[in-house]
Amino acid sequence: MRLTVGQRTATLATATVVAAVFLMGACTGSSATVSTPTPSAEPEPTMTSAVSPTAVATPSPTPAVGERTPIRSTVSGLVYPIEGVCLPANENLMPNAPRVYRAGIHEGVDFYPGLSCAAIGEGTPVLAVEAGEVVRADWGFEEMTAEELDELLTRSKTQGYTDAAALDRFRGRQVWIDHGGGIVTRYAHLGEIAPGVGEGMTVPVGQVVGYVGDSGTPEALTEPGTEMHLHFEIRVDESYLGKGLPPAQVRALLERAFSTP
């Protein structure tokens, strides 16, 4: 067969490559297999649902021993539990304030007459701050005796803190409302519970659930009528809103809680 100039050139080039490979094998003492090189294919990009390259998360610092980790703060849209009130300016009436008489910490807001923008007294209606289910209503509450009060105060000071059972007694007559999502509100020191309010019932926002009193306070025994106020708590998950935070941040969380989302 007669080759064209182009075919002869291609044949010569191929022969040259084969010879070069053969000589390399002879020099190294190994045999070489000649194959036509195959271009490497670019890998197909893996498609995911709009997933960006994975970022390396910076680990959160581990709290020191005894340090309190603040809880989430996603509460908003509540109404105040007494018509016309505002948050008290006195930080001693806010969460995290010390309660030296029982070696404890305050876990809520105290709405006192003359300190919270509205007239408050014995029997002032207490309102549900949001719709929810009543999960506690202390219809059978009995005030502490002098002996019990002395035992609780002595125990708290000896321990250096107020345990859960003692704290519950100091809150007096209570109503608790579960609003879902881990949020529960507590209304404490009530003088009375509103008629018809009981566990399992659903209440709308603004419904009267009780009336201001002084139940559970030491003054209810020692100086009746001098501690009329509402103790109000916002519980989130297993703790209270603002736990462990400085006063300015606590106030900001509560202002947000009583704002329209």
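To start, this report covers the structure provided alongside it. (Residues numbered from 1 in each chain as written. Predicted model: local features only at pLDDT ≥ 70, side-chain atom pairs only at ≥ 80, totals over all residues. Heavy atoms only, no water.)

1. Here we look at the layout of surface pockets
Consideration 1: Here the largest pocket is characterised by a volume of approximately 320 Å³.
Consideration 2: Lining of the largest pocket is provided by 21 residues; of these, Arg99, Tyr101, Asp110, His189 and His229 occupy positions nearest its centre.
Consideration 3: Looking at the lining of the largest pocket, the elements that each hand over two or more residues are α3 (164-170) and β11 (230-236).
Consideration 4: The class makeup of the residues in the lining of the largest pocket is seven nonpolar, six polar and eight charged. (1 Å grid on protein atoms, 1.4 Å probe; cavity = no way out; pocket = protein on both sides within 12 Å on 5 of 7 lines; lining within 4 Å. Points joined across faces, edges and corners; volume = space filled by probe spheres on them. Helix = DSSP H or I, 4+ residues; strand = E, 2+ residues; numbered from the N terminus. Nonpolar A, V, L, I, M, F, W, Y, C, P; charged D, E, K, R; others polar.)

2. Some words on helix α5 (residues 247-257)
Residues separated by three or four positions in an α-helix point in the same direction, a consequence of the helix having 3.6 residues per turn.
Consideration 1: When we look at burial in α5, the residues that qualify are Val250, Arg251, Leu253, Leu254 and Ala257. On an axial view of α5, the arc spanned by its buried residues comes to 160 degrees, and they lie on one face.
Consideration 2: Residues of α5 that are buried in the fold lie against β3 (109-111) and β11. (Buried < 20%, exposed > 50% of the residue type's maximum accessible area, 1.4 Å probe, protein only. Arc of directions from axis to C-beta. Contact = heavy atoms within 4.5 Å.)

3. A few points about the pattern of salt bridges
Consideration 1: Applying the stated rule across the entire model yields twelve salt bridges.
Consideration 2: A salt bridge links aspartate 138 to arginine 136; the nearest nitrogen and oxygen atoms lie 2.8 Å apart.
Consideration 3: Taking relative accessible area as the criterion, aspartate 138 reaches 13% and is therefore assigned buried.
Consideration 4: Arginine 136 sits in the buried class, given a relative accessible area of 17%.
Consideration 5: Residues arginine 235 and glutamate 233 are paired through a salt bridge, measuring 3.0 Å at the closest nitrogen-oxygen approach. Exposure class is identical for arginine 235 and glutamate 233. Each is buried.
Consideration 6: When salt bridges with common partners are traced through the structure, they connect Glu107, Arg136, Asp138, Asp168, Arg171, Arg186, Glu233 and Arg235 into a single cluster. (Salt bridge = Lys/Arg side-chain N within 4 Å of Asp/Glu carboxyl O.)

4. Structural notes on the nonpolar core
Consideration 1: By size, the foremost hydrophobic cluster in this structure holds 38 residues, and its most contacted members are Tyr187, Leu230 and Ile234.
Consideration 2: Breaking this core down by element, the ones donating at least two residues are β3, β5 (132-137), β6 (175-180), β7 (183-188), β8 (190-193), β10 (208-212), β11 and α5.
Consideration 3: In terms of nonpolar packing, the next biggest core, distinct from the first, is built from six residues, Leu149, Leu152, Leu153 and Phe170 among them. (Core = buried A, V, L, I, M, F, W, Y, C linked by side-chain atoms within 4.5 Å.)

5. With respect to unusual backbone geometry
Consideration 1: At histidine 189, a residue that is not glycine, the phi angle is positive and equals roughly 65 degrees.
Consideration 2: With respect to the element layout, histidine 189 can be found in the loop between β7 and β8.
Consideration 3: In this structure, aspartate 237 is a non-glycine residue whose phi angle is positive, near 60 degrees.
Consideration 4: Its location among the elements puts aspartate 237 in the loop between β11 and β12 (239-240).
Consideration 5: By relative accessible area, aspartate 237 is classed as partly exposed at 44%.

6. Some remarks on empty space enclosed by the protein
Consideration 1: Overall, the coordinates contain one cavity of 30 Å³ or more when judged by the stated rule.
Consideration 2: If you go around the largest cavity, the residues you meet are Pro95, Glu107, Gly108, Val109, Phe232, Glu233, Ile234, Tyr240, Leu241 and Leu254.
Consideration 3: Per element, the largest residue contribution to the lining of the largest cavity is three residues, and it comes from β11.
Consideration 4: Looking at the lining of the largest cavity, its residues break down into seven nonpolar, one polar and two charged.

7. A short note on the packing of aromatic side chains
The geometry of two aromatic rings is summed up by the distance between their centres and the angle between their planes.
Consideration 1: Taken as a whole and assessed by the stated rule, the structure comprises five aromatic pairs.
Consideration 2: Judged by centre distance (4.1 Å) and plane angle (15 degrees), the ring pair of tyrosine 80 and phenylalanine 258 falls under stacked. Taken together, the residues span a long stretch of sequence, with tyrosine 80 in the loop between α1 (5-28) and β1 (98-99) and phenylalanine 258 in the segment after α5 at a distance of 178 residues.
Consideration 3: Under the relative-accessibility criterion, tyrosine 80 is labelled partly exposed at 24%.
Consideration 4: For the ring pair tyrosine 101 and phenylalanine 170, a centre distance of 6.0 Å and an interplane angle of 80 degrees mean the geometry is edge-to-face. Highlighted residues: tyrosine 101 in the loop between β1 and β2 (104-105) and phenylalanine 170 in helix α3, separated in sequence by 69 residues.
Consideration 5: An aromatic cluster is present here, built from Tyr80, Phe111, Tyr187, Phe232 and Phe258 joined pairwise through their rings. (Phe/Tyr/Trp six-rings, centres within 6.5 Å; stacked < 30°, edge-to-face > 60°.)

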